[in-house]
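Listed below, chain by chain, are the residues.
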Number of protein chains: 2
Amino acid sequence: MAEALRVGIAGLGTVGASVARVLAHKTAELTRQCGRPIEVAAVSARSRGKDRQVDLSAAAWFDDPVALAEQAEIDVFVELIGGDEGPALASVKAALARGRHVVTANKALLSRHGVALAEMAEQKGVLLNYEAAVAGGIPVIKTMREALAGNSVTRVFGILNGTCNYILTRMEAEGISFDDCLKDAQRLGYAEADPTFDIEGHDTAHKLSILTALAFGTRISAGDIYMEGISNISQADIRAAAELGYRIKLLGVAQRTESGIEQRVHPTMVPTASVIAQVHGVTNAVAIETDILGELLLSGPGAGGNATASAVVGDIADIAKSRPGFQHGPVFGWPAKQLKPYKRALMRSHAGGYFIRLTVLDRTGVFAAIAKRMADNDISLESIVQHSAGADGQKTVILVTHETTEAAVRKATDGITKDGHLTDKPQVIRIERAG
Amino acid sequence: MAEALRVGIAGLGTVGASVARVLAHKTAELTRQCGRPIEVAAVSARSRGKDRQVDLSAAAWFDDPVALAEQAEIDVFVELIGGDEGPALASVKAALARGRHVVTANKALLSRHGVALAEMAEQKGVLLNYEAAVAGGIPVIKTMREALAGNSVTRVFGILNGTCNYILTRMEAEGISFDDCLKDAQRLGYAEADPTFDIEGHDTAHKLSILTALAFGTRISAGDIYMEGISNISQADIRAAAELGYRIKLLGVAQRTESGIEQRVHPTMVPTASVIAQVHGVTNAVAIETDILGELLLSGPGAGGNATASAVVGDIADIAKSRPGFQHGPVFGWPAKQLKPYKRALMRSHAGGYFIRLTVLDRTGVFAAIAKRMADNDISLESIVQHSAGADGQKTVILVTHETTEAAVRKATDGITKDGHLTDKPQVIRIERAG
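Analysis parameters
Residues numbered from 1 in each chain as written. Chains lettered and ligands numbered in written order. Predicted model: local features only at pLDDT ≥ 70, side-chain atom pairs only at ≥ 80, totals over all residues. Heavy atoms only, no water. UniProt positions renumbered as here; feature names shortened; annotations may be inferred. Helix = DSSP H or I, 4+ residues; strand = E, 2+ residues; numbered from the N terminus. Buried < 20%, exposed > 50% of the residue type's maximum accessible area, 1.4 Å probe, protein only. Contact = heavy atoms within 4.5 Å. Salt bridge = Lys/Arg side-chain N within 4 Å of Asp/Glu carboxyl O. Expected span 1.5 Å × (residues − 1). Buried area = accessible area lost by both parts, 1.4 Å probe. Nonpolar A, V, L, I, M, F, W, Y, C, P; charged D, E, K, R; others polar. Pairing = 2+ DSSP bridges. Patch = residues over 30% accessible without salt bridge, like charges linked within 9 Å, V, L, I, M, F, W, Y side chains within 5 Å. Areas by Shrake-Rupley, 256 points an atom, 1.4 Å probe, with all protein chains shown as cover. Domains from an automatic or database assignment. Polar contact = N/O pair within 3.5 Å; in protein donor to acceptor, adjacent residues only side chain to side chain. Least-squares fit on C-alpha atoms with pLDDT ≥ 70 in both. Axes fitted to C-alpha atoms, helices over the stretch in contact; angles between N-to-C directions.

You'll find chain A entered in an unreviewed UniProt entry as Homoserine dehydrogenase, with Mesorhizobium marinum given as the organism. You can read under Sequence similarities (unreviewed entry) in the UniProt record for chain A the words "Belongs to the homoserine dehydrogenase family."

Here the focus is the environment of P426 of chain A. Residue and element names in this part refer to chain A. By the secondary structure assignment, P426 is in the loop between α14 (406–419) and β17 (427–431). Among the residues examined, P426 registers a relative accessible area of 19% and is labelled buried. C-alpha separation for the pair P426 and T413, spaced 13 residues apart in sequence, amounts to 6.9 Å. Apart from residues lying up to four places away in sequence, P426 is in contact with R357, L358, T413 and T417.

Residue and element names in this part refer to chain A. As enumerated under the stated definition, the model contains 56 salt bridges over all chains in all. Notably, a salt bridge pairs R187 with D184, separated by 3.1 Å at the nearest N-O pair. Note that R187 and D184 are positioned in helix α8 (residues 178–187) at a spacing of 3 residues, about one turn of the helix. With relative accessibility at 18%, the residue D184 sits in the buried group.

Another aspect to go through is helix α4 (residues 86–97) of chain A. All names here are of chain A. Here α4 contains 12 residues, and its C-alpha end-to-end distance of 16 Å stays within 8% of the 16 Å for a straight helix at 1.5 Å per residue. Every buried residue belonging to α4 is among A88, L89, S91, V92, A94, A95 and L96, and all of these are buried. The secondary structure elements touched by the buried residues of α4 are α3 (65–71), β4 (76–79), β5 (101–104) and α5 (107–124). G99 occupies a position one or two residues after α4 and carries a positive phi of about 80°.

Contacts between the two partners involve 54 residues from chain B and, on the opposite side, 54 residues from chain A. Overall, the association of chain B and chain A removes approximately 4,400 Å² of surface from exposure, summing both partners, and the carbon and sulfur fraction of that is 58%. Summed over the shared surface of chain B and chain A, the result is 4 salt bridges. Two residues, D291 of chain A and K26 of chain B, come together in a salt bridge whose shortest N-O distance is 2.5 Å. Residue assignment for the side of chain B that touches chain A shows that the elements contributing at least two residues are α2 (27–34), α6 (140–147), β12 (294–301) and α12 (305–321) of chain B. In terms of residue count, the dominant contributor to the side of chain B that touches chain A is α12 of chain B (8 residues). Among the residues forming the side of chain B that touches chain A, the class breakdown is 23 nonpolar, 20 polar and 11 charged. Pairing between strand β12 (residues 294–301) of chain A and β12 of chain B: 3 bridges, direction antiparallel. Bridged to L298 of chain A within β12 of chain B is L298 of chain B.

Our next topic: the UniProt feature "domain: ACT" (unreviewed entry) in chain A. In this structure's numbering, the residues bearing the UniProt feature "domain: ACT" (unreviewed entry) are residues 355–435 of chain A. Along residues 355–435 of chain A the backbone is 31% helical and 36% strand, and the end-to-end C-alpha distance reaches 19 Å.

On the surface, a nonpolar cluster with roughly 250 Å² of combined accessible area is contributed by L188, Y190 and V282 of chain A. Considering the arrangement of structural elements, one finds Y190 of chain A in the loop between α8 and α9 (196–199).

Residues and elements named next belong to chain A. Across the sheet, 6 strands lie side by side as β3-β2-β1-β4-β5-β6; this open sheet has parallel pairing. The strands lining the two open edges of the sheet, one partner per strand, are β3 (60–62) and β6 (128–129). Across 4 bridges, β4 lies against β5 in parallel orientation. Following the sheet pairing, F77 is matched in β5 by V102.

Another point: the side chain of D318 of chain A. Residue position: D318 of chain A is located in helix α12 (residues 305–321). A residue is classified by how much of its surface remains accessible, and D318 of chain A, at 16% relative accessible area, is buried.

Looking now at the domain arrangement of chain A. All names here are of chain A. The domains assigned to chain A are domain 1 (5–137 + 305–336), domain 2 (142–301) and domain 3 (350–431). Here the C-alpha centre of domain 2 lies 27 Å away from the C-alpha centre of domain 1. Taken together, both faces of the contact between domain 1 and domain 2 bury some 1,700 Å²; the carbon and sulfur share is 62%. Of all residues in domain 1, K107, S111 and V134 bury the most surface against domain 2, accounting for 30% of the area lost on that side. At the surface where domain 1 touches domain 2, the tally comes to 3 salt bridges. As a salt-bridge pair, E119 and R219 come within 3.9 Å of each other at their nearest N and O atoms. At the surface where domain 1 touches domain 2, the tally comes to 7 residue pairs in polar contact (both at pLDDT 80 or more). Contributing elements (two or more residues each) for the side of domain 1 that touches domain 2: α5, β6 and α12. The element best represented in the side of domain 1 that touches domain 2 is α5, accounting for 7 residues. Residue classes in the side of domain 1 that touches domain 2 are distributed as 14 nonpolar, 6 polar and 4 charged.

The next point concerns the relation of the copies chain B and chain A. For these two chains of identical sequence, chain B goes onto chain A by a turn of 180° and a shift of 0.0 Å along the axis, with RMSD 0.0 Å. In symmetry terms, the pair is related by a two-fold rotation axis. Minimal C-alpha separation from the rotation axis in chain B is found for L298 of chain B, amounting to 2.3 Å. Here 100% of the interface residues in chain B have copies in chain A that are interface residues too; the copies meet face to matching face.

What follows covers the side chain of E262 of chain B. Residues and elements named next belong to chain B. Among the structural elements, E262 can be located in strand β10 (residues 260–271). Classification of E262 by relative accessible area gives buried; the value is 4%. Within the local environment of E262, its side chain forms a polar contact with the side chain of H350, the two groups lying 2.9 Å apart. Those residues in contact with E262 that sit more than four places away from it in its chain are V253, A254, Q255, T257, Y342, A345, H350 and A351.

Sheet strands associate in pairs through backbone hydrogen bonding, adopting either a parallel or an antiparallel arrangement. Residue and element names in this part refer to chain B. Here we have 6 strands laid out as an open sheet, ordered β3-β2-β1-β4-β5-β6, and parallel in their pairing. On the outer flanks of this sheet lie β3 (60–62) and β6 (128–129), each paired with one strand and no other. In the sheet, strand β1 (residues 5–10) pairs with strand β2 (residues 38–44) via 6 bridges, with the strands oriented parallel. Bridged to A10 within β2 is S44. Helix-sheet contacts for helix α4 (residues 86–97) involve β4 (76–79) and β5 (101–104), and the interaxial angle to β4 is about 170°. Packed on one face of the sheet, α12 meets β1, β2, β4, β5 and β6 and runs near 165° to β5.

So this is what it looks like as structure tokens:
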């Protein structure tokens, strides 16, 4: 039996405590799978006394995670502190500088500093594993980094934020408003007190930026992601989508196009009969399209202590199976120094189908004016639904376009707005092909 | 740059030729990912002259795959011959005996000899990779063997045969009979001239037996799998399923129960709103349920030259990233010598919901008699659908039970048959919970 792999865990919140418990309770299984034991040799957290339902008395205690990374007798540093600077960044850097393997679940950190950290890891010949940083327990990093070797990715997209998917799922199932749903999600602990980061798409964008680097060998560029959140999705949209055979999901999409790489996060219409449309509640899903394999879809728990711990333990186990002298694959599939600058495709050149919901005054000539604006911009329509006027004299017109461009749709809706028939802002939702 | 990994490919059919093409066309990508080139050093096939759209002139040619395995200057032997004995078995054994890594897509071989081959590989300290053997390009082996380290599997199930799923999908979409569908599938090349192996569930059983070993650490035992094919699924079943909110899929299911491990292959009702119900055509899907992560689902292309080649190349790339002295994880997650004898749960003790379709004479007292047989066997009913009698004086009664046992259902349907009201064999289809 080889020597134990010594692990130092920085951060003993929900995920950290769950990792410690799995390592303690599954010792025999992990030893059998890895060919050597995994032991928690050091830990660091804000509060020492808290009951974490696991005996950590054999582990060295560090008040400061950076001190743990610098001094503890460990082979692997597990960063579960969170945040894209401060102690998380400092401790990961310290561990890598010391030639220790690193496992992290920190998407914000990788989204901002991933390339620099990957360069450090590759230069030191150690592993930087981060399965838990994207889509929780779903093994999307391993799949893209290892299983799809030899494949060239054409598009990767997914439901990457459980809070948004939970809200959209309940809005559809129960017919309640976004605001009521959000309040309930906060009450149940599925949404933060300040939900902006989730519902406006920032969290999805962080995760997408990592998938984009893996897919296309580009330097991470989260700041360049086009982003729309779900806060302006209404029951009217959800009902109209259902009527037309679609369901609304917040997707992150990265796609290679002729003009560069598209990275976008926005509410999206996906066909109701597609696999991804059945991904409900806090579940996440990622679809990967490649030249050789075709489309692969992975779905599963995207958040929560146990799901995240499962991915972290998988990462640690991979390190336990490796040995000194083992040549690791690069952190982002491409050697970090070879990652190319990200060439951004302009959102206005995005090509696809569009759902357009217009609230108009119920008067003669309105529909003709709308149709003319569409025709003038070379937009051909797949379907048109018109709901009869309510008591307020307003009518809803819903258009689904064939493939067109973002620029054309914007020009058309600007024109319609200028025509003066609308009583509300036009609602535009992109449609995504999905298997 | 480290030395090239030298690969020998035995079998240059659809898959083998595709593997050779991917290795030839993706040299730069693979070298970048693996840190060294992968080169095809030797090949073997039945016909030397055939045009495979790839230049193999630099590779040593062997007429005999066993000679290739024994003599070629290779690091990895890739077996793509097929069959569970003869040259496939002999050449894999020869390669392992010589201390060469092996990659195979051969489910039949592993289902029959997997444990013995794994013992050889582990004793020699080489890798035996077989991602392509189950669910084609879906990385289910990597996920179970690596990503889910520390998780204990409770159930694994999936759509593992593209031919059956293609037939069931078309039967539902087009309302055509099983026989007509099968003929069309044969014409289009989705089904073999002798389709028995696919449609009666043997192919699914082979794949399931491998997943069972990975899931539960048991010795492979394909012969013990309970098996029912799809040839007796009728339009009446498909329509009744749809009416009740279900879709029929041929599933392979392996599940830990109190009385042992269930391994079964049979047509199954899955909720129409579940993810797996949207897996259409030749696509495969595997769901894995574990104690820590919960349910993970993977879907993608399950067959075809490219999808299979993608998995084979992924396996080869993993070997290219490894180095001499690297301690590999065991072939089936558990060291082969520690794989436990498979303890079979009896099918009669299977617990679950059931769909029962009865064709009965339209006369008084029939329904009461059926209801009594159900009650006598403690079977409680979730729903009952009765279709009015056709011109032939026959009526259809469809029952959906709450959880009960196979034994109870068999006793009840035997009783109903004995009562003499049926004009056709009772149709019984198991229902599977699915997320």
